[in-house]
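Letter by letter, the chains look like this.
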Amino acid sequence: MAIISNAVTIADAGAFSVGLGAMTFIKELNTSGGAAANMTFHHGTSSVVLDSTYPIYKFVFSNMHPATNATFWLFQANAVGASGFNETITSTTFRSVNTEASSNGQVDYIASIDQAQGTSFQNICSDGDIKTDNDSCISGELLIFNPSNTTFVKHFIAHTNHMVNNSQSSDNYIGGYFNTTAALDEFQFKFNSGNIDSGTIKLYGIKDS
Amino acid sequence: MGVISNGTTLLDAGALDSGVATGAMTLIKELTASSSATLSFVDGASGVVLDSTYKEYIFKFINIHPQTNNVDFQFNASIDGGSNYNVTKTTSQFNAYHNEAGNDQVLGYNAGYDLDNSTAFMNITNDISNEGDMNTAATFHLYDPSNTTFVKHFTGTANNNYNSGGYFQNDYFAGYLNTTSAVNAIQFKMSSGNVDVGTIKMYGVK
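Residues numbered from 1 in each chain as written. Chains lettered and ligands numbered in written order. Predicted model: local features only at pLDDT ≥ 70, side-chain atom pairs only at ≥ 80, totals over all residues. Heavy atoms only, no water.

Participant: Can you help me understand the overall build of chain A in this one?
Facilitator: Scanning chain A from N- to C-terminus turns up zero helices and 15 strands. Over its C-alpha atoms, taken along the principal directions, chain A stretches across nearly 65 × 35 × 35 Å. Across the 209 residues in chain A, those meeting the buried criterion constitute 52%. Nonlocal contacts in chain A, meaning residues at least 24 apart in sequence, comprise 72% of its contacts between residues at least 6 apart. By element, 49% of the accessible surface of chain A is carried by carbon and sulfur atoms, the whole surface being about 8200 Å². Treating the 8 positive side-chain charges of chain A as one cloud and the 17 negative ones as another, the clouds have centres 4 Å apart. (Helix = DSSP H or I, 4+ residues; strand = E, 2+ residues; numbered from the N terminus. Buried < 20%, exposed > 50% of the residue type's maximum accessible area, 1.4 Å probe, protein only. Contact = heavy atoms within 4.5 Å. Areas by Shrake-Rupley, 256 points an atom, 1.4 Å probe, with all protein chains shown as cover. Lys, Arg positive; Asp, Glu negative; His and termini not counted. Charge placed at Lys NZ, Arg CZ, Asp CG, Glu CD.)

Rendered as structure tokens:
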């Protein structure tokens, strides 16, 4: 049964025909059940969608807090059917940083954490390690473009801000691509050492029509 | 009465069925400047929601135009419902600029516009021209402002025309509100003079 109002079809064939927003919430992972070694989003698992349904996927991190002091916030991916989180990445990273104590801000490229055909987890907090002070954390977002495409490499862009170990604000810009034509359907986030003490990651899909 | 189409429940009990995918970004409030000294979003006032309802808030600035030439567009936050806009913050800012003549282009850090645990207003963008067609467009993300454990991170970008319109600049700013109190109001203004015209839209992200 279709729902038609003023000659406009509102719903038909089990779905709304009118726009209900271009950005759709898909999944939230958090530490409400306790600290976690990592947070992993895998297509088809626990209601996660990470396929051709959306051309752009957006992860939003809120208040990611490490259990271990002086750690880095990282991510990697798996191709469909693969394991190990070791896809090949070429990436760039730069940051703008300033301290609480005095004006010595600067913007610079961080060569130590970019990757050139590397298979490591990608750092998305630049070179400033994250404090375990009670109020310290990292927040930001990561965009993944067309992960299910089997023709092109897969680009990503991350923008985060965090409190560095020596009480700095670090504004981090990371871009790169997974150098594979295989579809990616699994993404994992973790600190380079120790657990995720607390925090929330939300996954959204962004429509192109 | 539920509305079921092709075996799928779309509406029931006065609401969309939970299985219907809806937009995750909700327009909360729009403010339009008209020779405005300040533009403020205060939780609980005039339909504004700025609490734990959303983990992320996004502000979009469209055609922000100052009355006074070469002024900065700024923000600050409040933990007391807008009585005082003076939250301590540590921030950074850098930008790229290029002039219309095509002979001056620079990428660099703006040491004059960052803040070091300061309660002053933070520049979103700097030195905006008040020529008739000049303006600022920007976005501003604020993460989990109601949290009472962590500092509150924010990030943003802005475009503007400055130096009497002869230059374009692209600004990148970020930082954290260095408080564990819940932030419940945000204010925007020019460093001098009024906001002549412009629109600010506030969104919550589920």
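The structure having been displayed, the exposition proceeds.
Participant: Please clarify how the state of the cysteines should be interpreted in this entry.
Facilitator: Two cysteines whose sulfur atoms are joined by a covalent bond form what is called a disulfide. All names here are of chain A. Under the definition given, this model contains zero disulfides over all chains. Between Cys125, a cysteine without a disulfide, and Cys137, which holds the nearest cysteine sulfur, the sulfur-to-sulfur distance is 12 Å. Relative accessible area serves as the criterion here: at 0%, Cys137 is assigned to the buried category. (Disulfide = S-S within 2.5 Å.)

Participant: Is there a simple way to explain the interface of chain A and chain B in this structure?
Facilitator: Often, the extent of an interface is quoted as the loss of accessible area upon association of its parts. In this complex, chain A contributes 52 residues to the contact, which on the side of chain B involves 48 residues. Counting each side, the surface lost to burial between chain A and chain B is near 3600 Å², with a carbon and sulfur contribution of 60%. The interface formed by chain A and chain B includes zero salt bridges. Summed over the shared surface of chain A and chain B, the number is 15 residue pairs in polar contact (both at pLDDT 80 or more). Here the element with the most residues in the side of chain A that touches chain B is strand β6 (residues 56-66) of chain A; it accounts for six residues. (Buried area = accessible area lost by both parts, 1.4 Å probe. Salt bridge = Lys/Arg side-chain N within 4 Å of Asp/Glu carboxyl O. Polar contact = N/O pair within 3.5 Å; in protein donor to acceptor, adjacent residues only side chain to side chain.)

Participant: Any chance you could explain the nonpolar core here in plain terms?
Facilitator: If you look at the biggest cluster of nonpolar residues, it comprises 35 residues, and the most contacted ones within it are Phe59, Phe61, Phe73 and Phe188 of chain B. Leaving out residues up to four positions away in the same chain, Phe59 of chain B has contacts with Phe41, Ala138, Thr139, Phe140, Ile186, Phe188, Ile200, Lys201 and Met202 of chain B. Residues Cys125, Leu142, Ile196 and Leu203 of chain A belong to the second largest nonpolar core, which totals 32 residues. (Core = buried A, V, L, I, M, F, W, Y, C linked by side-chain atoms within 4.5 Å.)

Participant: Sorry, what's going on with the sheet that holds strand β4 (residues 23-30) of chain A here?
Facilitator: Strands in a sheet are paired, the pairing made by backbone hydrogen bonds, and the direction either parallel or antiparallel. Residue and element names in this part refer to chain A. One open sheet holds the eight strands; their spatial order is β4-β15-β6-β11-β12-β13-β8-β9, and the pairing between them is antiparallel. Looking at strand neighbours, the two that pair on one side only are β4 and β9 (106-109), the edges of this open sheet. Neighbouring strand axes in the sheet, compared pairwise and without regard to direction, differ in orientation by 15° on average. Note that strand β8 (residues 89-99) and strand β13 (residues 168-178) share eleven bridges and pair antiparallel. Opposite Asn98, over in β13, you have Ser169 as the bridge partner. (Pairing = 2+ DSSP bridges. Axes fitted to C-alpha atoms, helices over the stretch in contact; angles between N-to-C directions.)

Function cannot be inferred from these measures alone, as they are strictly geometric.
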